[in-house]
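Coordinate analysis (summary)
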Protein chains: 2
Amino acid sequence: MKNDKMVDQITSMDEDFAKWYTDICTKADLIDYSSVKGCMIIRPYGYAIWENIQANLDARFKALGHENVYMPMFIPESLLQKEKDHVEGFAPEVAWVTHGGSEKLQEKLCVRPTSETLFCEHYANIIRSYRDLPKLYNQWCSVVRWEKTTRPFLRSREFLWQEGHTMHATAEEAVAETVQMLNVYADFHENDLAIPVIKGVKTPSDKFAGAEDTYAIEALMHDGKALQAATSHYFGDGFAKAFDITYTDKENKLVHPHQTSWGCTTRMIGEIIMTHGDNNGLVLPPAIAPIQIVIIPVQQHKEGVLDAANALKDRLAAAGFRVKLDDSDNSPGWKFSEYEMKGVPLRVELGPRDIEGGQCVMVTRHNREKVFVSVDELEKMAAERLEAVRVGLYEKALANREARSYYCTTLDEINAALAEKGDGLVFAMWCGDEECEDKIKEETGVGSRCIPFDQKHLSDTCVCCGKKADKMVCFGKAY
Amino acid sequence: MKNDKMVDQITSMDEDFAKWYTDICTKADLIDYSSVKGCMIIRPYGYAIWENIQANLDARFKALGHENVYMPMFIPESLLQKEKDHVEGFAPEVAWVTHGGSEKLQEKLCVRPTSETLFCEHYANIIRSYRDLPKLYNQWCSVVRWEKTTRPFLRSREFLWQEGHTMHATAEEAVAETVQMLNVYADFHENDLAIPVIKGVKTPSDKFAGAEDTYAIEALMHDGKALQAATSHYFGDGFAKAFDITYTDKENKLVHPHQTSWGCTTRMIGEIIMTHGDNNGLVLPPAIAPIQIVIIPVQQHKEGVLDAANALKDRLAAAGFRVKLDDSDNSPGWKFSEYEMKGVPLRVELGPRDIEGGQCVMVTRHNREKVFVSVDELEKMAAERLEAVRVGLYEKALANREARSYYCTTLDEINAALAEKGDGLVFAMWCGDEECEDKIKEETGVGSRCIPFDQKHLSDTCVCCGKKADKMVCFGKAY
């Protein structure tokens, strides 16, 4: 019996990018809305993407000596208040638990928006000597921030993430860890998510609450907006002082350790959608695709077709690919659309004529390129085609970013570039003054994203005030 | 330089079982206490046990077709109230969020104590036709229950767990799923945790709030108390009716699906401690031990010892064992105690004389049995010794349970057995009357744990009232 359900059309991204985005979130079965405003349900297909992201990053973290732990989800108000800048940054956006059962709590508890305070309390208990350092802990959990406006993956009141929290004997070691973890995120993005990123440090106004420095990677979305993809913070010994964390060093002196934290979230799924997706739906990079290869039999009722398709499936699974054979009664055309919507990077088609010719057809999702492949070369060509998707996605994203990167020396140039070529990344020199930063945003609409590690000397003077400037800043519109 | 830290002594289990238990929790570095009453910090070694449990169960669930999802951590009060029995069971012990940032919420939200209501709301959205069934979802997350008295792992206000929630076309299929998942838990316990369990159904007074039937596995701890190790619930279509979940069946009629849920928690770590632990510390079954084999070099300063130890380590790691070489400056004696405290199932000792003789020493944690092994047979013997630990642990636990299983036909017999042989499992016939259940508990101190699937006919009459009885019940003292 044939399923008459049609693959739903989605809004064109050129017509309404925001609507296109939420269409993909729901029609590719990534999420559903719940009755709790701003909290989403991550459906099996969306969660499988997250599981693949987790497995990849977790292995990278562990290879660098990090260990996973689990901290409580609640933070007593007094604990949150221990570090002044931190509480100012987070108190306005936390959810408060005031009652347990029918009793009012003596002290209200916030649901963790981040766990620096909890880790510091624990570190104060367990760090005694230089022998106890470094501590390299990470946690996978959900956190809550009471946002006013929300969008699936990009900004939700509850989201999933990992938060690394490390303690080191010296400032140098802590800074090295901060940079190392930024590089882990960047490498994961560039090589596995096929998303080019800009590594840099945040301007002081944009630092994490309580940090000395915040490093970030920024990615450009298809519509020209910038997305902060991951952050890594260096705290110095500020929290250590506030939480009275000390250790005895090799000279037997009592000193404070130096701290970092670093995190990335389910927001990356939104980033993948907005970087690689197209008007046919999601496009997933092979490294994190729940299904890397879908096999679609053609004229499957004919003798031998399903057997042959199953044989291909078994071979691809044995070779380590995540593969699915769709032998349902839906038409091949319906299946093509369905797995395009779901962003499966590689489709294998197999019909009676292919079987006769000892071949199959491989179609890459991102460019619909069709290749006839001898079944003798199945595994080799599947790997080759998936690699072509990865490289193709990266190149496409990089080309979009390059076409939308504007190097400007005056505010007029910024406005002209944005008006002419649309939203994008603006690179310009900045004097370091927060007033200029604010004024640039006011007059052009783009805010500072980061000071890229990879600096270019565009001019000697600040794009805003004309005073001496030696930093090139990356500006953009944020999500 | 030698670390002078001594491995801390723990309280003897015969002296104070409760203190012995918490000593292991802290001194084997499983947990730390936080400033949030009843919420524990799961430290790297404890969390690594949980990760191994997760990986094992997750693979079992997925092999049976289950998919992971993520639901919001908050439940609006009105949603929790939709199923009458359910809200009565859980409302008294939930934590309530009443404020987001500085604003009072229009409707208070509870932090999920369990997620039936959230899953039902979602299922009402996505189930339309018999083609959409079954839905086999699972979630790994933390939940909160505002307990009055708490103990690490056994009863905490926040704990980690998995909760499976499934929907089926028929009652038969749903019951089969309930039993299937109970069997998964039982198999995991018996084969991987080396803990014998009793499978059974709860008496009506002890069912999960809103369930038609609750199945459970019960394990006997070293001190003779019973521990509910996992549960599996059959809901019928009660929740489906309350949440208006319907589907069109093959005859084109609109009907309600049938539901299950099943879960197990970090409590299992407490169960492992109390089943296998001894006065030297933790004893871990190999399947979930973060370190399965620790290699301890003897006279490691002598030439060639560390090289040889590293060679053993590399071979064991290559063979797939989780292996650690401790080449720190602590003495071998200190290391022996440390890894006994941490419950590492197998210790390999290697000194200059062993190297000369082409051998090493293998010591199994649970019985300190010492075996000299030719290094040619390293991998084979390591596997054999770890299997000996698994079997040995199971047999020891089973022997303890058998010695503490009392088959009784009168209340006097129950009291006599408990007084003479100590706490244990009491098996007795029961008429099915809740009053008798209460009276048995009052007069003997043991409550009903379950009605075992494996029934014995002990007599024709109820152990309490003397009326006709055809059910043998397992009674015990609970944690």
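This text goes with the structure placed above it.
Now for a description of the structure that goes with this document.

Conventions and cut-offs
Residues numbered from 1 in each chain as written. Chains lettered and ligands numbered in written order. Predicted model: local features only at pLDDT ≥ 70, side-chain atom pairs only at ≥ 80, totals over all residues. Heavy atoms only, no water. Helix = DSSP H or I, 4+ residues; strand = E, 2+ residues; numbered from the N terminus. Rg over C-alpha atoms; globule rule 2.2 N^0.38 Å. Buried < 20%, exposed > 50% of the residue type's maximum accessible area, 1.4 Å probe, protein only. Contact = heavy atoms within 4.5 Å. Areas by Shrake-Rupley, 256 points an atom, 1.4 Å probe, with all protein chains shown as cover. Lys, Arg positive; Asp, Glu negative; His and termini not counted. Charge placed at Lys NZ, Arg CZ, Asp CG, Glu CD. Pairing = 2+ DSSP bridges. Axes fitted to C-alpha atoms, helices over the stretch in contact; angles between N-to-C directions. Least-squares fit on C-alpha atoms with pLDDT ≥ 70 in both. Polar contact = N/O pair within 3.5 Å; in protein donor to acceptor, adjacent residues only side chain to side chain. Buried area = accessible area lost by both parts, 1.4 Å probe. Salt bridge = Lys/Arg side-chain N within 4 Å of Asp/Glu carboxyl O. Core = buried A, V, L, I, M, F, W, Y, C linked by side-chain atoms within 4.5 Å. Phe/Tyr/Trp six-rings, centres within 6.5 Å; stacked < 30°, edge-to-face > 60°. Lys NZ or Arg CZ within 6 Å of the ring centre and 35° of its normal.

Brief notes about the overall build of chain A
A count of helices and strands for chain A gives 14 helices and 23 strands. For 479 residues, the compact-globule estimate of 2.2 N^0.38 gives 23 Å, and the C-alpha radius of gyration of chain A, at 25 Å, lies within 12% of that figure. Here the C-alpha coordinates of chain A stretch approximately 80 × 55 × 50 Å along the principal axes. Burial analysis of chain A (479 residues in total) assigns 59% to the buried set. Considering only intrachain contacts with a sequence separation of at least 6, the fraction spanning at least 24 residues in chain A is 68%. Summed over its atoms, the accessible surface of chain A is roughly 18,800 Å², and 47% of this surface lies on carbon and sulfur atoms. A distance of 2 Å separates the average location of the 56 positive side-chain charges in chain A from that of its 74 negative side-chain charges.

Notes on the sheet that holds strand 21 (residues 425–430) of chain B
Residue and element names in this part refer to chain B. Read across the open sheet, the 11 strands follow the order 3-7-8-14-11-10-9-22-23-21-20; overall the sheet is mixed. Only two strands of the sheet have a single partner each, and these edge strands are strand 3 (67–68) and strand 20 (405–407). Alignment of strand 10 (residues 213–220) against strand 11 (residues 226–236), held across eight bridges, turns out to be antiparallel. If you follow Glu218 over to strand 11, its bridge partner there is Gln228. Its contacts with the sheet place helix 2 (residues 44–63) against strand 3, strand 7 (135–144), strand 8 (158–168) and strand 14 (258–265), and it is angled at close to 165 degrees to strand 7.

Observations regarding the relation of the copies chain A and chain B
The transform that puts chain A on chain B rotates by 180 degrees and translates by 0.0 Å along the axis, for an RMSD of 0.0 Å. In short, the pair behaves as if placed about a two-fold rotation axis. Nearest to the rotation axis, the C-alpha of Val97 of chain A is located 2.1 Å from it, this being the minimum over chain A. Most of the interface of chain A is mirrored in chain B: 98% of its interface residues are interface residues there too.

Some thoughts on the environment of Arg353 of chain B
Residue and element names in this part refer to chain B. Structurally, Arg353 is set in helix 11 (residues 352–356). Since its relative accessible area comes to 76%, Arg353 is described here as exposed. Between the alpha carbons of Arg353 and Leu136 there is a distance of 57 Å; along the sequence they are 217 residues apart.

Quick word on the side chain of Ser448 of chain B
Residues and elements named next belong to chain B. As for its placement among the helices and strands, Ser448 is situated in strand 22 (residues 447–452). In terms of polar contacts, Ser448 uses its side chain to reach the side chain of Thr203, at 3.3 Å. Looking at Ser448, its side chain comes within polar contact range of the side chain of Glu437, at 2.7 Å. In this view, Ser448 contacts Thr203, Asp206, Glu437, Val473, Cys474 and Phe475; residues no more than four positions away in its chain are not counted.

Regarding the interface of chain A and chain B
Contact residues are listed per partner, giving 58 residues for chain A and 57 residues for chain B. Between chain A and chain B lies a buried interface of about 4,500 Å² when both sides are counted; carbon and sulfur atoms form 59% of it. Of all residues in chain A, Pro44, Tyr70 and Met73 of chain A give up the largest surface area on contact with chain B, accounting jointly for 14% of the area buried on that side. Note that Lys148 of chain B and Glu103 of chain A form a salt bridge whose closest N and O atoms lie 3.4 Å from each other.

What to know about the pairing of strand 7 of chain B
Residue and element names in this part refer to chain B. Counted residue by residue, strand 7 has 10 buried out of 10 residues, so it is predominantly covered. Side chains Lys135, Tyr137, Gln139, Cys141 and Val143 of strand 7 all project onto a buried face; the interleaved residues Leu136, Asn138, Trp140, Ser142 and Val144 project onto the opposite face, where all are buried too. Across two bridges, strand 3 lies against strand 7 in parallel orientation. Across the sheet, residue Glu67 finds its bridge partner in strand 7, namely Tyr137.

Quick look at the sheet that holds strand 21 (residues 425–430) of chain A
Residues and elements named next belong to chain A. The strand order across the open sheet formed by 11 strands is 3-7-8-14-11-10-9-22-23-21-20, and the pairing between neighbours is mixed. Strand pairing shows two members of the sheet lacking a second neighbour, strand 3 (67–68) and strand 20 (405–407), which therefore form its edges. Bridge count between strand 20 and strand 21: three bridges; the pairing is parallel. From the neighbouring strand, Tyr406 faces strand 21, where its bridge partner is Val426. Seen against the sheet, helix 12 (residues 378–403) touches strand 9 (198–201), strand 10 (213–220), strand 20 and strand 21 and runs at an angle of roughly 30 degrees to strand 20.

Here's the deal with the nonpolar core
Core analysis: the largest hydrophobic core is formed by 204 residues, its most contacted members being Phe74 of chain A together with Phe74 of chain B. Discounting chain neighbours no more than four positions away, the residues touching Phe74 of chain A are Val97, Leu109, Cys110, Val111 and Leu118 of chain A together with Val36, Cys39, Ala95, Val111, Val144 and Trp146 of chain B. Ile75, Trp96, Tyr123 and Ile126 of chain B belong to the second-largest nonpolar core, a separate cluster that totals 30 residues.

Concerning the packing of aromatic side chains
In total, this model carries 30 aromatic pairs over all chains according to the counting rule given. Within the aromatic cluster, the residues linked to one another by ring pairs are Trp50, Phe61, Trp140, Tyr185 and Trp262 of chain A. Geometry around Trp96 of chain A places Lys108 of chain A over its ring, the cationic atom sitting 4.4 Å from the centre. Looking at Lys225 of chain B, its charged tip hangs above the ring of Tyr479 of chain B, at a distance of 5.3 Å from the centre.

Side note on unusual backbone geometry
All names here are of chain A. Geometrically, the link from Leu133 to Pro134 is a cis peptide bond, its omega value of -5 degrees lying close to zero. Tracing the backbone through its elements, the reader meets Pro134 in the loop between helix 5 (116–126) and strand 7 (135–144). One non-glycine residue, Ala194, lies in positive phi territory at about 60 degrees. The residue Ala194 is located in the loop between helix 6 (171–192) and strand 9 in this model.

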